[in-house]
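# Secondary and tertiary structure notes
Read off the chains here:
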Amino acid sequence: MFQNNPLLAQLKQQIEASKEYVEGVVRASDKSYGFLECEKKSYFIPPAEMKKVMHGDTVKAVVKRDGDKEQVEVDSLIEPMLDRFIAQVRFNRDGKLQLAVDHPSIKNLISANVQKNVSEKLENGDWVVAKLKTHPLRDDRFLFAQVIQLICKESDNFAPWWVTLARHEQPREPVPNEASYELHDELGREDLTSLYFTTIDSPSTQDMDDALYIEPVMTNGEQTGWQLVVAIADPTAYIPEHSNIEKAARQRCFTNYLPGFNIPMLPRELSDDLCSLVPNEKRPALVGYIETDLLGNIVKPARFVSAWVESKAKLAYDNVSDYLEQVENAWQPDNGETKQQIDWLHQFTQARIQWRGENALLFKEQGDYAFELNEDGSVKGIHVEYRRIANQIIEESMIIANICAAQFLAENAKTGVFNTHSGFDPKNLEPAKNFLLDTLATEENREQLAERYSAERLTTLNGYCEMRRDIDAFPEKFLELRLRRYLTFAEFKGEVAPHFGLGISHYATWTSPIRKYGDMVNHRLIKQCLLNQQAKAVDESILARLQEARRQNRLVERDIADWLYARYLAPRVEQNVEFECEIADVSRGGVRARVIENGASIFVPFSTLHDNKEEMDYRPEEIALYIKGEKAYQIGQTVRVKLTEVRLETRSIVGNIIV
């Protein structure tokens, strides 16, 4: 009777047209309800509707109103939060397999089965990779998943490494070695084995890809400059361009340096042996000759050659630093030639540091936090490693080598893998300018600074460098930290462009081809230019993969560190330990503080900072929290924090600020 009834169809259309639809992302709460976060508004999701979705799902929903109250009824799934995911095995009382998703906001246990190719027997607590198979909004069924890979057993002390690598789909094994390796040389190699090259590295380093030799440039019996000779390991001599090793390196893009060990981009036989510039062994290398005056200015284009080199000594950072800093009872060079090379490199480095301070930008010394591990993977301790003078020798030598390589590639190849950074995000130029003026300008100099910090000037390399030097002279750390929020990200590009972060107009790394695929690409391009061959433009897919791999590696490093910090600090909660911290962020939820002595990140909820929420005012433009109208906490501020809780299952560390 009602079939094909035009009045009924019209009524349905009218009802549908009267509905108010919104799209957003589901945010679960600690209770059974949740919220739909839309572009401009948040809507309440009642418990019955939350059973249809999970945290992170992107959904379409219908707004329902009852007086002043608003809530939503979920209509359809746009994109599920889960597809491939990491979980721990949980067997219920009936012995049925369930999965606990490794995500702090997802509480749902998901029923699952096991893919046939997973032969290992699963036990409670095992770490697995799974795929979501059904979703209530997509299949009119419950959530259901399938285990596709066993990562490791719950008892594996190295679970932080294996689980994190699996999460980011990173390999945990080196590239397999080939049966043999042959040298493929189109260029003739100069014999530079007589030059007194040395390497400076950590004592444990096996994959040494750079060695240095330096000598004064003399004119009419007086020193007028320096000639730095940079020898870089040449793995492309052993790797045909379309080989399996090349394909693996292109996928990995970087050697993954993790606490306790690394996962090399190349087979270890190449990275740690045949290509590594180990002492007293003849090795193939790509060599750059760089000449500067005594002030550190590059005085002529660099010259590149294919060569044989032989490192005469493997030196250690701390030993060389102790010697140069004249530490009591310090290590001493074992012969005059080594001593001469260290002394000359030191003088050259001081000139280059001064040059960069005046003409580019210098790095601010903050130190790197290093985990000291026991054999079983547990954390023995965490210490800060600072860049000492020997580290700066290598740093300055590699920076000038990479500047010269970029200039060579830009002029001769017209392409390359260039490291670039464009400074401020265009949409943030006006806010950045206003922030600088509001912070630094006085009534007397505001007009002058308005020109100095104009949006047009901040988009130039010189203007940006001037602004950064102004910031470096400013005593409060807040200014620098706040400006970082206005910056864009560094990028790999196939054509030359400035690197504002370094304050340099040309930059292309070629000094770590054992560890970076982009450096291998630049090696091949330099060789093509030396052979007078037409260089082929770098494929955009290579640049995109480099960008993604760099992002993944940083996430891997962060996630493993979070896990190790949680393990390290968990036993110390009962000790009521307190730490000196620096506020790293202020958000609507609370304050995140970085422990100065070990780098751990402690979250301080807003609810612990003041007992009256109405008297608290979060100001995102200042990254600050005001209480009773007065600034109480701001990014860059030093505070003392008491450790109160460590949640190992979510790797979260919580504390209270001691007033």
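Per-chain numbering applies: the sequence of each chain, read as written, is numbered from 1 onward. Local features in this predicted model are restricted to residues of pLDDT 70 or higher, and side-chain atom pairs are both shown and tallied only at a pLDDT of 80 or more, whereas totals for entire chains, interfaces and linings draw on every residue. Computation of side-chain values covers all heavy atoms of the structure but excludes hydrogens and water.

In the annotation of an unreviewed UniProt entry, the protein chain is listed under the name Exoribonuclease 2 and assigned to Haemophilus paracuniculus. Regarding the protein chain, the UniProt comment filed under Function (unreviewed entry) reads as follows: "Involved in mRNA degradation. Hydrolyzes single-stranded polyribonucleotides processively in the 3' to 5' direction." What UniProt states about the protein chain under its Subcellular location (unreviewed entry) heading is, verbatim, "Cytoplasm". UniProt positions are given in the numbering used here, feature names are shortened, and annotations may be inferred rather than shown by experiment.

Residues Leu192, Phe197, Leu228, Val230, Val287 and Tyr517 are the most contacted members of the largest nonpolar core, which totals 78 residues. Of the residues forming this core, the biggest block, 12 residues, is contributed by helix α9 (residues 389–412). In this description, contact between two residues means that some pair of their heavy atoms is separated by no more than 4.5 Å. Non-local contacts of Tyr517, meaning those with residues more than four positions away in its chain, are made with Glu246, Ala249, Arg250, Cys253, Met265, Ile542 and Leu546. Side-chain atoms within 4.5 Å link the members of a nonpolar core, which is a set of buried Ala, Val, Leu, Ile, Met, Phe, Trp, Tyr and Cys residues. Here's how the labels work: a residue is buried when its accessible area is under 20% of the maximum for its type, exposed when over 50%, partly exposed in between, all with a 1.4 Å probe on protein chains only. Counting 75 residues, the second largest nonpolar core, distinct from the first, contains Ile151, Ala159, Val163 and Val556. Note on conventions: DSSP H or I runs of at least 4 residues are helices, E runs of at least 2 residues are strands, and numbering of each starts at the N terminus.

For the rest of this paragraph, the subject is the layout of surface pockets. Here the second largest pocket is characterised by a volume of approximately 420 Å³. Cavity and pocket criteria rest on a 1 Å grid covering protein atoms alone: a 1.4 Å probe that fits but cannot get out defines a cavity, protein on both sides within 12 Å along at least 5 of 7 lines defines an open pocket, and an atom within 4 Å of a point defines a lining residue. Forming the boundary of the second largest pocket are 16 residues, of which Glu241, Arg250, Tyr517, Lys536 and Ile542 lie nearest the centre. Of all the secondary-structure elements, those providing two or more residues to the lining of the second largest pocket are α5 (244–252) and α15 (517–530). A total of 5 residues in the lining of the second largest pocket trace back to one element, the largest contributor, which is α15. Residues of the lining of the second largest pocket, tallied by class, amount to 6 nonpolar, 3 polar and 7 charged. Grid points are joined across faces, edges and corners, and a volume is the space filled by probe spheres set on the points. Just so you know the grouping, Ala, Val, Leu, Ile, Met, Phe, Trp, Tyr, Cys and Pro go in nonpolar, Asp, Glu, Lys and Arg go in charged, and all remaining residues, Gly too, go in polar.

Moving on to the packing of helix α10 (residues 429–440) against helix α14 (residues 477–484). Where α10 meets α14, the closest approach of the two axes is 11 Å, and the angle between their N-to-C directions is 170 degrees. Taken together, the axes of α10 and α14 are roughly antiparallel relative to one another. Together, Ala432, Phe435, Leu436, Thr439 and Leu440 of α10 and Phe478, Leu479, Arg482 and Leu483 of α14 make up the contact between the two elements. Tallied by class, the residues present in the contact of α10 with α14 amount to 7 nonpolar, 1 polar and 1 charged. For every element, the axis is a line fit to its C-alpha atoms; helices are fit only across the contacting stretch, and the angle between N-to-C directions ranges from 0 to 180 degrees. Throughout this description, any angle smaller than 35 degrees is read as roughly parallel, any larger than 145 degrees as roughly antiparallel, any in the 65 to 115 degree range as roughly perpendicular, and the remainder as oblique.

Interface size is often expressed as the accessible area that is lost when the parts come together. When cut into domains, the protein chain gives domain 1 (6–79), domain 2 (84–156), domain 3 (190–418 + 508–559), domain 4 (422–488) and domain 5 (576–658). For the domain bounds, the source is a domain assignment made automatically or taken from a database. If you average the C-alpha positions of domain 1 and of domain 4, the two centres end up 43 Å apart.

On to empty space enclosed by the protein. The full count for this structure, using the stated rule, is 1 cavity of 30 Å³ or more. Taken as a whole, the largest cavity holds about 70 Å³ of empty space. Around the largest cavity, the lining residues are Gln170, Pro171, Arg252, Phe254, Asn256, Ile263, Pro264 and Asn553. For the lining of the largest cavity, the residue count by class is 4 nonpolar, 3 polar and 1 charged.

In this section: the side chain of Thr255. As for its placement among the helices and strands, Thr255 is situated in the loop between α5 and β15 (256–258). Separated by 3.1 Å, the side chain of Thr255 and the backbone nitrogen of Met265 make a polar contact. Discounting residues that sit within four places of it in the chain, Thr255 has contacts with Asn262, Ile263, Pro264, Met265, Ile514, Arg515 and Asn553. Polar contacts, as counted here, are pairs of nitrogen or oxygen atoms within 3.5 Å of one another; within protein the pair requires one atom able to donate a hydrogen and one able to accept it, and residues that are adjacent in sequence qualify only if both atoms are side-chain atoms.

A word on the pattern of salt bridges. In the sections that follow, a salt bridge refers to a side-chain nitrogen of Lys or Arg positioned within 4 Å of a carboxyl oxygen of Asp or Glu. What the rule picks out here adds up to 49 salt bridges. Put simply, Lys131 and Asp83 hold a salt bridge, and the shortest N to O gap is 3.3 Å. Taken together, the residues Lys131 in strand β9 (residues 127–134) and Asp83 in the loop between β5 (69–79) and β6 (84–91) connect sequence positions 48 residues apart. Given a relative accessible area of 27%, Lys131 falls into the partly exposed group. The exposure class assigned to Asp83 is partly exposed, which follows from its relative accessible area of 44%. Put simply, Arg356 and Glu396 hold a salt bridge, and the shortest N to O gap is 2.7 Å. Of this pair, Arg356 sits in helix α8 (residues 336–359) while Glu396 sits in helix α9; the two residues are 40 residues apart in sequence, bridging distant segments of the chain.

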